[in-house]
Amino acid sequence: MDKERILALMTQAIIEGDQTEAVRLAQEALSLRLDPTEVIERGYVPGIQKVGELWEKGDYFLPELITSAEAMKAAMAVLDPELKRGIYATKSMGKIVIGTVEGDIHDIGKNIVASMLQASGFEVYDLGADVKLEKFWQKAEEVQADVIGLSALLTTTMVGQKRFLEMLAERQLTGRFKVIVGGAPVTAEWAQRIGADGYAENAVAAVRLVKELLSQKTGRKTP
Amino acid sequence: MARVKVEPAGPIIEVRMGSNLARVLEEAGIPLATWCGHRGICGRCEVEIVSGAISRPKPKEAFFQQRRGWPSSHRLACLFSVEGDLVIRVPESSLMTEMPVLKAALEIKHPIEPAVKRYVFSLPPINLKKPESTLGRLQKALHQPRLKASLRVLSNIGWLKQDRVEVQAAVYEDEEILALSPAALPYPIVGLAVDLGTTTLVLEALDLEDGRILAKEVAINPQHRFGADVLSRIAHASLGKKQRKELQAALVEGLNQLIKKIMAQLKVDSENILEVVLAGNSTMNHLLLGLPVDSLAQSPFATVFSSLPPLRAEDIGLKVNPAAKVYLAPNLRSFIGGDISAGLMAANLFEAEGPFAFIDLGTNGEIVVKGEKRLVATSTAAGPAFEGGNLSCGLPASSGAIERVDWGENGFKIKTINDAEPRGICGSGLIDLLSVLLRKGMIFANGRLAMAKEKMAVVPGLFLTQEDIRQAQLACAAIKTGFQLLLASLHLQPQDLRAIYIAGAFGQELSVANSQAIGLIPRVSPERVFFLGNTSLAGARLLLLNRLARQRLLSRLERVEYVSLALEKQFQNYFLENLKLGPWP
């Protein structure tokens, strides 16, 4: 099969959320010694982008989003060892630490955001739910993260997002990481009020937000 | 500061710049219809800005302006921020004057064994050789050497000094005299059963001697102005002690208004009301007593109390006999409150033979499943979609709400509550509608409107949007998932259920077939599905009339196991799978 045909099938497999097919194609690409970077960028990534568009049009809902993200992650896992061999030019999209704030045990929304970010090529460190606020910046420091994402699903736990930003300020860490917030009761106004760097209403918007924030960041990057 | 003047005869309110207009109006006591909890979704809190500082409409406002043909001066109060002096008008249709339609409470005959009993007896004359205290004589006459009486009762017993008087006493649990009067005087002994609902308060007066229901009154819970759902009330109460007391005062005041109406209706005095039994969710119970609620909505969801010994009406501020006892139906957990425990009791479900399921469909869908022996319970965050909240076309079950939808020759056939002009869709109508749409292929199982439409007209001018369907899918999936995980924890198949009992906002108008078609409830034969109506009120009534039921309830509750869905590993997989509309396997 020629390369262009394989790339098109990869895109299709992601759109359809066909994990088996996505994995099979990744293996085939490896056996044909295709450049995994190109495979990802021209094969899989257009698929997940299309999924984002379908979501925004209202065609896709959470189950479709998740199955596509899972297919994407499974394909990446196949390509990863080859990428890590380092003979190909790779660029990390960025590192994100994400979790649901303390006192809040809801994590489906956060899981979906994490999956979409990962599927879109970010390195995601998911701390789970009911996460102590200190853990967010500790982990972010440890892995040198670019972005910290805090989810809160209750009006009563949202205040954890505010406290986190205050905590960063106390430790003079404001600006060190981009902080984004989300969750059902969270709004853009709230994000602005507490001094977060961004808010996204859903997983697809979150991917776009992180991309925007990181392009700003690299725009004025210091060594 | 800015001034908001409410025309024509409303108050002038001083507010901080940037205040939210809906909050401002609600705090001023204007019962604004904010069904979606200030989220700009239901479009019910329309206000007209007559003059003053107007910002550009938010997209959600523009949406309603366009859809409902509002002029640009008409805005949503919940999205409007006050940026200067304003003159506004609040249309009648934006107020919560309309009472939600009441569902009948379960009528079950139970033996009458109240905690407050009347004793009629003659008090023997004072033995002049060996004079005794009046209380001592009462204790002797009632054969209760440890009988107590409050100072208030004791300070009014001068008339007992006479020779041989005929006395009637209202005695609580054979341990305390609540009231004394000459036996010749009529002295009805009245108790109150209260459904302490987040949205609605229902109060029923019963004759404690024969168990008759004497009167009934209903009102919107005045705490509504602090938010439509339990979580926003908790958020307000968590701001501080002052806010917590505000919520308590609002609730007590609401109850007192109802008590006043009941007394006027029955022509009885507050002295005659000698016991109050309330069934409410954990948050309502806590707020009534002015207790902190911060912990209720945060992991690990600790409550301050689950059951309490009876309290004194005076201490809570209820305007009944100050010595009257107040009993709260016990909470099982933070998310399974006294409303559910009382409801299970009323329907006799602790004793009923399993396997069966009980479900109270509200913003939190509480589900209880009994297997051979074990009883497991959970609470699902279904959200308010089935109560008409969070939907662009939603309306609580009130006049003009579409409650039934079918498909006829010329398209949708609808039935509204009171046969009024359709104003929105309530839960049962939404379930019918989704089922019809599925059947006609107008939506796909994944919820997508066919032909890539964004919305579809149910009746002219009233649309179901793609987003509305998504909200319904989320609500349905939450309940279905809770149901499945409980069944799984008891190793039961849906087919094993001998009965499904449905309580809460839905009544007989909920279609079993349509609920099954979209997957809300499992496929069991329709004659095994029973609607119980307001089980919370029925439970309060039972607990009022039968003191033994209270002890029984406490011992039964100990056996109920709570399952926290968020901690179940399978939850997410089930939930995502269940977002698909369609019958259970």
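Residues numbered from 1 in each chain as written. Chains lettered and ligands numbered in written order. Predicted model: local features only at pLDDT ≥ 70, side-chain atom pairs only at ≥ 80, totals over all residues. Heavy atoms only, no water.

### Focus on the interface of chain A and chain B
Opposite the 23 residues of chain A that make contact, chain B presents 24 residues. For the pair chain A and chain B, the two sides together bury roughly 1,900 Å², of which 63% comes from carbon and sulfur. Along the contact surface separating chain A from chain B lie one salt bridge. Close ionic contact of Arg448 of chain B with Asp59 of chain A constitutes a salt bridge, the shortest N to O distance being 2.4 Å. Taken together, chain A and chain B are joined by five residue pairs in polar contact (both at pLDDT 80 or more). Of all the elements in the fold, those that place two or more residues in the side of chain A that touches chain B are α4 (62–84) and α5 (108–119) of chain A. Within the side of chain A that touches chain B, the residues separate by chemical class into ten nonpolar, six polar and seven charged. (Contact = heavy atoms within 4.5 Å. Buried area = accessible area lost by both parts, 1.4 Å probe. Salt bridge = Lys/Arg side-chain N within 4 Å of Asp/Glu carboxyl O. Polar contact = N/O pair within 3.5 Å; in protein donor to acceptor, adjacent residues only side chain to side chain. Helix = DSSP H or I, 4+ residues; strand = E, 2+ residues; numbered from the N terminus. Nonpolar A, V, L, I, M, F, W, Y, C, P; charged D, E, K, R; others polar.)

### A look at the layout of surface pockets
Residue and element names in this part refer to chain A. In this structure, the second largest pocket occupies an estimated 920 Å³ of space. In terms of lining residues, the second largest pocket is bounded by 30 residues, among which Met76, Met93, Ser120, Gly121 and Phe122 are the most central. Counting only elements with at least two residues in the lining of the second largest pocket, the list comes to α3 (36–57), α4, α5, β2 (123–126) and α9 (203–219). Each residue belonging to the lining of the second largest pocket can be placed in one class, and the counts come to twelve nonpolar, eight polar and ten charged. (1 Å grid on protein atoms, 1.4 Å probe; cavity = no way out; pocket = protein on both sides within 12 Å on 5 of 7 lines; lining within 4 Å. Points joined across faces, edges and corners; volume = space filled by probe spheres on them.)

### Let's talk about the pattern of salt bridges
Under the definition given, this model contains 41 salt bridges over all chains. Note that Glu166 of chain A is salt-bridged to Lys162 of chain A, the shortest N-O span being 3.5 Å. Residue Glu166 of chain A and its partner Lys162 of chain A are both found in helix α7 (residues 159–170); the two are separated by four residues, about one turn of the helix. Taking the relative accessible area as the measure of exposure, Lys162 of chain A reaches 34% and is therefore partly exposed. Put simply, Lys242 of chain B and Glu246 of chain B hold a salt bridge, and the shortest N to O gap is 3.8 Å. With a gap of four residues between them, Lys242 of chain B and Glu246 of chain B both fall in helix α6 (residues 241–266), about one helical turn apart. Judged by relative accessible area, which is 28%, Glu246 of chain B ranks as partly exposed. Salt bridges linked by common partners bring Lys3, Glu4, Glu38 and Arg42 of chain A together as one network. (Buried < 20%, exposed > 50% of the residue type's maximum accessible area, 1.4 Å probe, protein only.)

### With respect to the packing of helix α1 (residues 3–16) of chain A against α3 of chain A
Residues and elements named next belong to chain A. Relative orientation of the contacting elements α1 and α3 amounts to 35°, with a least axis distance of 8 Å. Where α1 crosses over α3, the handedness of that crossing is right-handed. Facing Lys3, Glu4, Leu7, Met10, Thr11, Ile14 and Ile15 of α1, the residues of α3 in contact are Glu38, Val39, Arg42, Gly43, Tyr44, Pro46, Gly47, Ile48, Lys50, Val51 and Leu54. Residue composition of the contact of α1 with α3, grouped by class: ten nonpolar, three polar and five charged. (Axes fitted to C-alpha atoms, helices over the stretch in contact; angles between N-to-C directions. Left-handed = near helix turned anticlockwise from the far one by under 90°.)

### Focus: unusual backbone geometry
Residues and elements named next belong to chain B. Following Gly354, the chain continues into Pro355 via a peptide bond in cis, with omega recorded as -5°. Position of Pro355 among the secondary structure elements: in the loop between α9 (338–346) and β16 (356–361). Within the chain, Asn348 stands out as a residue other than glycine whose phi angle is a positive 60°. Position of Asn348 among the secondary structure elements: in the loop between α9 and β16. Asn348 gets classed as partly exposed once you look at its relative accessible area, which sits at 38%.

### A closer look at the sheet that holds β16 of chain B
Residue and element names in this part refer to chain B. Pairing is mixed across the open sheet formed by six strands, whose spatial order is β25-β24-β16-β17-β18-β26. Single-partner strands in this sheet number two, and they are β25 (529–533) and β26 (560–562). Between one strand axis and the next, the sheet turns by 20° as a mean value, whatever way the strands run. Here five bridges tie β16 to strand β17 (residues 364–370), and the two strands are oriented antiparallel to one another. Bridge pairing in β17 places Ile359 opposite Ile367. On top of the sheet, helix α11 (residues 466–489) reaches β16, β17, β18 (375–381) and β24 (499–504); it is set at about 160° to β18, its chief contact. (Pairing = 2+ DSSP bridges.)

### Things to note about the confidence of the model for chain A
Scored by pLDDT, chain A has a mean of 90; 94% of the residues are at 70 or more. When mean pLDDT is compared element by element in chain A, strand β3 (residues 147–151) of chain A scores highest at 97, while α9 of chain A scores lowest at 87. (pLDDT = per-residue confidence, 0-100.)

### A word on the packing of α11 of chain B against helix α15 (residues 571–578) of chain B
Residues and elements named next belong to chain B. Contact pair α11 / α15: the axes reach a minimum separation of 8 Å and the direction vectors enclose 135°. It follows that α11 is oblique to α15 by the angle criterion. Seen from above, α11 lies across α15 with right-handed handedness. Within the contact between the two elements, α11 uses Leu474, Ala477, Ala478, Lys480, Thr481, Gln484 and Leu485 and α15 uses Phe571, Tyr574, Phe575 and Asn578. (Parallel < 35°, antiparallel > 145°, perpendicular 65-115°, else oblique.)

### Notes on empty space enclosed by the protein
Residue and element names in this part refer to chain B. Inspection of the entire model under this criterion finds one cavity of 30 Å³ or more. Put simply, the largest cavity is a space of about 30 Å³. As for the largest cavity, its lining consists of Leu332, Ile336, Ile340, Ser341, Leu344, Val368, Ala377, Leu557 and Val560. With three residues, α9 is the largest single contributor of residues to the lining of the largest cavity. When the residues that make up the lining of the largest cavity are grouped by side-chain class, the tally is eight nonpolar, one polar and no charged.

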